[in-house]
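Results of the structural survey
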Amino acid sequence: MSLRELDHNRSIGLQLCALLERGRLVHAFMFAGSGAEMRRELGLAFAKAVLCPEGAGDACGKCLSCRKFEDGNHEDLIVVSKPKDRASITVGQVEELQERLRFAPYGRNYAVIIEDSQLMNPQAQNKLLKLLEEPPEGVVFILLAESTDAMLPTVVSRCSCYWLEEGEKKASDDIVRMARDLARMIFEGAPFYKKRDALKDILDARDDGRLMALELIDVLEEVLLREAVRLSASKGPDMARIAAAEQACSEARRCLRQNHNTGYTLKQLCLRI
Ligand SMILES: [Zn+2]
């Protein structure tokens, strides 16, 4: 499974691809949300991409690193999980990890996945905190957690956090079509009124215009991210346009979540993209 093939949390997968592609990797990530399988799927896909020396923003699936990963014998993948006979991940396990990280990785990086990191006891978390504060070179920590409630805020704040959504539903065909039209218009530099007209169905909607608008923004961001990954080598005007549009999408989402008027928010979005 690669980041671009995820069944769930596709937009998070694409955001991570964009980070890898742009070389903007931080050393610690937190993927939090219910659904252990889903967390694991994302954690593994990300680790595979981090370790692959060939892929552009994602695991290539073909190189030696990817093949070892798939066979379950990659030397640089370290998975820490709660022992079956214990209630928590112990400080001893984190010390073991620390010991192992003293040695250089076999390839270019270590990917360390900590499963159910909410089950680390406080001593273990404190020990991990030391590692996160002074991370060894070339290590990417991937913390998976059901929720961050039981975690030390100091640990959480050291991570770039992503909140996963369970059972992410597929957007309707109409929304996908609208988002694609809008993305095309962004690239063509179409005038405001054309973009606004493309969103007519949502602007005319009576009740659930807000939900449709939120869905549209999710899909639009996904289309833009895909395009950004494709273009990331270039620094042309298209990249600047994508960056501005991504920012406008975040702003519009924030407004919609704060119950600002849907029509007004979408028109503002069209003006800015
Ligand atoms: Zn590869």
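Criteria and cut-off values
Residues numbered from 1 in each chain as written. Predicted model: local features only at pLDDT ≥ 70, side-chain atom pairs only at ≥ 80, totals over all residues. Helix = DSSP H or I, 4+ residues; strand = E, 2+ residues; numbered from the N terminus. Buried ≥ 20, exposed ≤ 12 C-beta atoms within 10 Å, placed from the backbone. Contact = placed C-beta atoms within 7 Å. Domains from an automatic or database assignment. Expected span 1.5 Å × (residues − 1). Pairing = 2+ DSSP bridges. Axes fitted to C-alpha atoms, helices over the stretch in contact; angles between N-to-C directions. Core = buried A, V, L, I, M, F, W, Y, C linked by C-beta atoms within 7 Å. Parallel < 35°, antiparallel > 145°, perpendicular 65-115°, else oblique. Left-handed = near helix turned anticlockwise from the far one by under 90°. Nonpolar A, V, L, I, M, F, W, Y, C, P; charged D, E, K, R; others polar.

Things to note about the overall build of the protein chain
Secondary structure assignment for the protein chain yields 12 helices and 5 strands. Summarising its shape, the C-alpha atoms of the protein chain cover approximately 60 × 35 × 30 Å along the three principal directions. Considering the protein chain as a whole, with its 273 residues, one finds that 37% of them fall into the buried category. Once local pairs closer than 6 in sequence are excluded, the contacts in the protein chain between residues at least 24 apart make up 76%.

A look at the domain arrangement of the protein chain
In terms of domains, the protein chain is made up of domain 1 (3-163) and domain 2 (173-272). One C-alpha centre belongs to domain 1, the other to domain 2, and the line joining them spans 32 Å. Across the contact, 9 residues belong to domain 1 and 8 residues belong to domain 2.

Comments concerning helix H2 (residues 36-51)
Across its 16 residues, H2 extends 22 Å between first and last C-alpha, which sits within 8% of the 22 Å expected from 1.5 Å per residue. Most of H2 is tucked away: 12 of the 16 residues are buried. Among all positions of H2, only Met-38, Arg-39, Glu-41, Leu-42, Gly-43, Ala-45, Phe-46, Ala-47, Lys-48, Ala-49, Val-50 and Leu-51 are buried. Contacts from the buried residues of H2 go to helix H1 (10-21), strand S1 (28-32), helix H3 (64-71), strand S2 (77-80), strand S3 (110-114) and strand S4 (139-145).

Things to note about the sheet that holds strand S5 (residues 160-163)
An order of S2-S3-S4-S1-S5 is seen for the 5 strands of this open sheet, with the pairing classed as parallel. Bordering the open sheet on either side are S2 and S5, each of which pairs with just one other strand. When the angles between neighbouring strand axes are averaged without regard to direction, this sheet yields 15 degrees.

Things to note about the nonpolar core
Ranked by internal contacts, the top residues of the largest apolar core, which has 76 residues, are Phe-46, Ala-111, Val-112, Ile-142, Leu-143 and Leu-216. Top element by residues in this core is helix H10 (residues 209-231). It accounts for 10 residues. Each of domain 1 (3-163) and domain 2 (173-272) gives at least three residues to this core. When sequence neighbours within four positions are dropped, the list of residues in contact with Phe-46 reads Leu-3, Leu-16 and Ile-142.

Some details on the pairing of S1
In terms of burial, S1 is largely enclosed, as 5 of its 5 residues are buried. In S1, alternate side chains face the same way, and those of Ala-28, Met-30 and Ala-32 on one face and Phe-29 and Phe-31 on the other are all buried. Where S1 lies against S4, 5 bridges are found, and the strand directions are parallel. By the bridge assignment for S4, Ala-28 is matched with Phe-141. Summarising the sheet, S1 and S5 pair through 4 bridges and their orientation is parallel. The partner of Met-30 across the bridge, within S5, is Cys-161.

Details of unusual backbone geometry
Of note, the phi angle at Asp-116 is positive, near 45 degrees, even though the residue is not glycine. Positionally, Asp-116 belongs in the loop between S3 and helix H5 (122-133). Among the residues examined, Asp-116 registers 18 C-beta atoms within 10 Å and is labelled partly exposed. Positioned with a positive phi, Asn-259 is a non-glycine residue whose angle comes to about 60 degrees. Relative to the elements of secondary structure, Asn-259 occurs in the loop between helix H11 (237-257) and helix H12 (262-272).

Some details on the packing of H10 against H11
Two elements in contact, H10 and H11, have axes whose closest approach is 10 Å; the angle formed by their N-to-C orientations is 155 degrees. Taken together, H10 and H11 sit at an angle that is classed as roughly antiparallel. H11 is crossed by H10, and the crossing has left-handed handedness. Across the interface between the two elements, Arg-210, Ala-213, Leu-214, Ile-217, Leu-220, Glu-221, Leu-224, Glu-227, Ala-228 and Leu-231 of H10 pack against Asp-238, Met-239, Ile-242, Ala-245, Glu-246, Cys-249, Ala-252, Arg-253 and Leu-256 of H11. The residue inventory of the contact of H10 with H11, partitioned by class, reads 13 nonpolar, no polar and 6 charged.

Describing the environment of Met-151
Summarising the element assignment, Met-151 is placed in the loop between S4 and helix H6 (153-157). When the C-alpha positions of Met-151 and Leu-101 are compared, they lie 23 Å apart, and in sequence the two are 50 residues distant.

Some thoughts on the environment of Gln-93
Considering the arrangement of structural elements, one finds Gln-93 in helix H4 (residues 91-100). Once the C-alpha coordinates of Gln-93 and Ser-81 are considered, the two residues, 12 residues apart in sequence, prove to be 8.8 Å apart. For Gln-93, the residues in contact, after removing those within four places along its chain, are Val-80 and Ala-124.

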